[in-house]
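Secondary and tertiary structure notes
Each chain, written out:
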Amino acid sequence: MWLTPFGVFMLVLVPAGYGLFGTSWPSGLFYLTATALGLAAYRSELRLYHDRAPNPWSGLAVLGTLLFVLGAWFFAASVWPVSAEIWQEYEKLQMGLIRMDGVYYAAKLPELIFQQSLIFVLVCRFNAMGHRGWRLIRSFAILFALIHCPLIIMKGLAGLPYVLAAAGSALVFPPLITQFRWGIVYSFCAHWGSYAVAGLILRYLAF
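Residues numbered from 1 in each chain as written. Predicted model: local features only at pLDDT ≥ 70, side-chain atom pairs only at ≥ 80, totals over all residues. Heavy atoms only, no water.

For the rest of this paragraph, the subject is helix α1 (residues 4-13). Those residues of α1 lying buried are P5, F6, F9, M10 and L13. Projected onto a plane normal to the axis of α1, the buried residues spread over an arc of 130 degrees and lie on a single side. Buried residues belonging to α1 abut α2 (25-41), α5 (102-128) and α7 (150-155). (Buried < 20%, exposed > 50% of the residue type's maximum accessible area, 1.4 Å probe, protein only. Helix = DSSP H or I, 4+ residues; strand = E, 2+ residues; numbered from the N terminus. Arc of directions from axis to C-beta. Contact = heavy atoms within 4.5 Å.)

In structure tokens form, the structure reads like this:
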């Protein structure tokens, strides 16, 4: 069920002119709707946090991440502008990482919320099965990497970094979610910030 929205996005919305290089807000609305439906279907997983008051530090984490992302956006736009040729190459691959602008984040931010919802459910399921510590990290790394493997079919070798990053994220997302109060917020911030860092790296390499 969780994989269906990714397929709809790549096979329906992107060809129709929506997505990271098109009219992005419908894609953002699509992912927010998918998030709501997914969490409704797996609402029992939310019990992990039902007895925990929100951590005020989590709000500061979101604010700090937002400031970092905005700073990275303006820095990249002013120091490492993207040429028309490079833009076209990334548009063909639908790799919006290099954009780092409002149009990109209108679609990407809701997608990140959807991904973190999926990550949260996976971690909760593994946790309920008794996976702890390195076993949880290993199980999450394998499954989350497999979920990203279709990107290799869609993008060729350009999709491989996404698969490797998905596997590596097991060292970050599950520990944050399970070890910290309202760690899902820290997990989301780490996810969002990593996309900004990756965008800066791509901008530097393409400049």
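Another point: a nonpolar patch on the surface. Taken together, W57, L60, L63, L66, L67, L70 and F74 make up a surface patch of nonpolar side chains, about 720 Å² in accessible area. By secondary structure assignment, the location of L66 is in helix α3 (residues 56-79). (Patch = residues over 30% accessible without salt bridge, like charges linked within 9 Å, V, L, I, M, F, W, Y side chains within 5 Å. Areas by Shrake-Rupley, 256 points an atom, 1.4 Å probe, with all protein chains shown as cover. Salt bridge = Lys/Arg side-chain N within 4 Å of Asp/Glu carboxyl O.)

Next up on the list: the packing of aromatic side chains. Applying the stated criterion across every chain, the model contains 13 aromatic pairs. Ring centres 5.6 Å apart and planes at 90 degrees place the aromatic pair F21 and W87 in the edge-to-face group. In this pair, F21 is assigned in the loop between α1 and α2 and W87 in helix α4 (residues 84-93), connecting sequence segments 66 residues apart. On the basis of relative accessible area, F21 is assigned to the buried category, the value being 13%. Ring geometry for W80 and Y204: centres 5.5 Å apart, planes at 65 degrees, overall edge-to-face. Here Y204 lies in helix α10 (residues 183-206) and W80 lies in the loop between α3 and α4, a separation of 124 residues in the sequence. Here Y204 falls in the exposed class, since its relative accessible area comes to 55%. Members of the aromatic cluster, joined through ring pairs, are F6, F9, F30, Y31 and F114. (Phe/Tyr/Trp six-rings, centres within 6.5 Å; stacked < 30°, edge-to-face > 60°.)

One can describe the packing of α5 onto helix α6 (residues 133-148) by two numbers: an axis separation of 10 Å at closest approach and a directional angle of 140 degrees. By the angle between their directions, the pair α5 and α6 is classed as oblique. When you trace α5 past α6, the crossing you get is right-handed. Taken together, the residues of α6 that come into contact with α5 (itself represented by Q115, L118, I119, L122, V123 and F126) are L136, S139, F140, L143, F144, I147 and H148. In the contact of α5 with α6, the residues fall into 10 nonpolar, three polar and no charged. (Axes fitted to C-alpha atoms, helices over the stretch in contact; angles between N-to-C directions. Parallel < 35°, antiparallel > 145°, perpendicular 65-115°, else oblique. Left-handed = near helix turned anticlockwise from the far one by under 90°. Nonpolar A, V, L, I, M, F, W, Y, C, P; charged D, E, K, R; others polar.)

Where α6 contacts helix α8 (residues 160-168), the axes come no closer than 7 Å and their chain directions differ by 160 degrees. One element, α6, and the other, α8, form an angle in the roughly antiparallel class. Considering only the axes of α6 and α8, their crossing is right-handed. Seen from α6, the contacting residues are A141, F144, A145 and H148; seen from α8, they are Y162, V163, A166 and A167. Among the residues making up the contact of α6 with α8, the classes are represented as seven nonpolar, one polar and no charged.

Turning to the nonpolar core, a few remarks are in order. Counting 53 residues, the largest nonpolar core has F9, Y90, I119, F140 and F144 as the members making the most contacts within it. For this core, the element with the highest residue contribution is α5, accounting for 11 residues. Dropping the residues within four chain positions of it, Y90 is found in contact with F21, M95, I98 and L202. (Core = buried A, V, L, I, M, F, W, Y, C linked by side-chain atoms within 4.5 Å.)

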